[in-house]
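Structural features, examined
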Amino acid sequence: MTITTPSDLARLADLAARSVTLIESLQHEGGAYPASPTFSAYQGYSWFRDGAFIADGMSAAGAVDSASRFFDWCGRMLAQRRDRIAEIVAAEAAGTPLPDERMLATRFTFDGEEGDDEWWDFQTDGYGTWVWACIAHAERHGLSLDRWAEGIRLSVDYLLATWSRPCYDWWEEHRDEVHVSTLGCVIAGFESAARAEVLEPAARAAARTAAIEARTLIAGRGVRDGHLAKWLGSTAVDGSLSAVIAPLGVFEAASPLARATIRAVEAQLSVDGGVHRYLLDTFFGGGQWPILSCFLGLAHARAGDRDAAMRLLRWAAGTETAEGLLPEQVDDHLLAPDRHAEWVERWGPVATPLLWSHAMFVRLAVELDMLQPAGVRA
Ligand code: BGC
């Protein structure tokens, strides 16, 4: 059992409160959350994936307006691409699907452009995650979904046409695989949208059917040794799989499948509470990611193990820099130490702060009742 003193708790709560303020202060006036304000390769861009989880953390912490404004931004990104989505849907229906290069981007500039830098762009997870986060936000705070209904409908249309295609994963890698975490995000989006009464009856039925098909795919080829696997047919685990258990809630935390997944992530990827992405990771030498410790903590908390969750929260807090910032990853334990320098040379020091790290810290702190949601804060 972890002994947590009152001053420890106050320190953790303080970091969570400062994280909310930091995220609010860095949010673009148009609603986008920068992935990292200073990191070379991320500067100027907002990701649907990072942003959806950031908004979920902010919503859970009671920063209602901040989360709503991010979802407004998502809605605008989608509405501006209405014609492209229609083209993608029509091509798919005609049996002549468009190539990956014609799919929607993964990240956008704050003003809504694709930007000039090449990126690993076809990733479906963010389009499911924002739908899930937006609907969870509306349900949590009793808000009408009218404001986001068009964006949700467009996302569902886009995902119905694309969800089963191989695409880049959360880490923007392995484009030839179908990733279980990605499917989890898409299922969460489909099931939330089908429940929320924003879809036309046909789209609602299609979303339900697609969610069932995706669940069937996972059950058939996305489970290995009783736990979720990194991609269909893989034997490995990935730290992102914790998120499918919590906060996404696609698999019941108490189920044997979720418990085995938590155990596998703990056993294979966690070193003293710092969680790696996957065993063959070489990005910045393959360090430990605060977001993944927090996702694992959320999964533990949902499964009833608050002690384990608290240990993971404390590990994440331990990555705070002298300036009070949380990084994307730390290099205390590297899986591929000889690959660290090449990334520093290419992109500079690790992204710090990473807003997603701060947000996941907040999300877990709320789950552990350490940061009382401030009610409905404008
Ligand atoms: C990570 C992505 C993330 C992006 C922005 C990438 O290095 O692999 O998951 O969305 O950074 O934070």
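These numbers were taken from a predicted model, which means no experiment stands behind them.

Reading the values: rules and limits
Residues numbered from 1 in each chain as written. Predicted model: local features only at pLDDT ≥ 70, side-chain atom pairs only at ≥ 80, totals over all residues. Heavy atoms only, no water. Domains from an automatic or database assignment. Contact = heavy atoms within 4.5 Å. Buried area = accessible area lost by both parts, 1.4 Å probe. Salt bridge = Lys/Arg side-chain N within 4 Å of Asp/Glu carboxyl O. Polar contact = N/O pair within 3.5 Å; in protein donor to acceptor, adjacent residues only side chain to side chain. Helix = DSSP H or I, 4+ residues; strand = E, 2+ residues; numbered from the N terminus. Nonpolar A, V, L, I, M, F, W, Y, C, P; charged D, E, K, R; others polar. Axes fitted to C-alpha atoms, helices over the stretch in contact; angles between N-to-C directions. Parallel < 35°, antiparallel > 145°, perpendicular 65-115°, else oblique. Left-handed = near helix turned anticlockwise from the far one by under 90°.

1. Brief notes about the domain arrangement of the protein chain
Interface extent is often summarised as the accessible area lost during association of the parts. The domain boundaries assigned to the protein chain delineate domain 1 (37–221) and domain 2 (237–370). Domain 1 and domain 2 are separated by 22 Å when their C-alpha centres are compared. At the interface, 30 residues of domain 1 touch 34 residues of domain 2. Of the roughly 2600 Å² buried at the junction of domain 1 and domain 2 (both faces included), carbon and sulfur atoms supply 73%. When the buried area of domain 1 at its contact with domain 2 is split by residue, Phe 39, Phe 53 and Trp 171 rank highest and sum to 25% of it. In this structure, Arg 277 and Glu 173 form a salt bridge, with 3.7 Å as the shortest nitrogen-oxygen distance. Where domain 1 touches domain 2, the interface holds eight residue pairs in polar contact (both at pLDDT 80 or more). The set of elements that each furnish at least two residues to the side of domain 1 that touches domain 2 consists of α2 (48–60), α5 (125–141), α7 (180–195) and α8 (201–221). It is α2 that contributes the most residues to the side of domain 1 that touches domain 2, seven residues altogether. Grouping the amino acids of the side of domain 1 that touches domain 2 by side-chain chemistry returns 18 nonpolar, six polar and six charged.

2. A few points about the packing of helix α3 (residues 64–79) against α5
A pair of packed helices is captured by two measures, namely the crossing angle of their axes and the spacing between those axes. α5 packs onto α3 with a crossing angle of 140° between their chain directions and a minimal axis gap of 11 Å. On the basis of the axis angle, α3 is oblique to α5. Both α3 and α5 take part in a crossing whose hand is left-handed. Residues Val 64, Ala 67, Ser 68, Phe 71, Cys 74, Gly 75 and Leu 78 of α3 form the contact with α5, whose own contacting residues are Tyr 127, Trp 130, Ala 133, Cys 134, His 137 and His 141.

3. Comments concerning the side chain of Ser 242
Inspection of the secondary structure puts Ser 242 in helix α9 (residues 241–245). If we ignore the near neighbours within four places in the chain, the residues touching Ser 242 are Val 265, Phe 295, Leu 296 and Ala 299.

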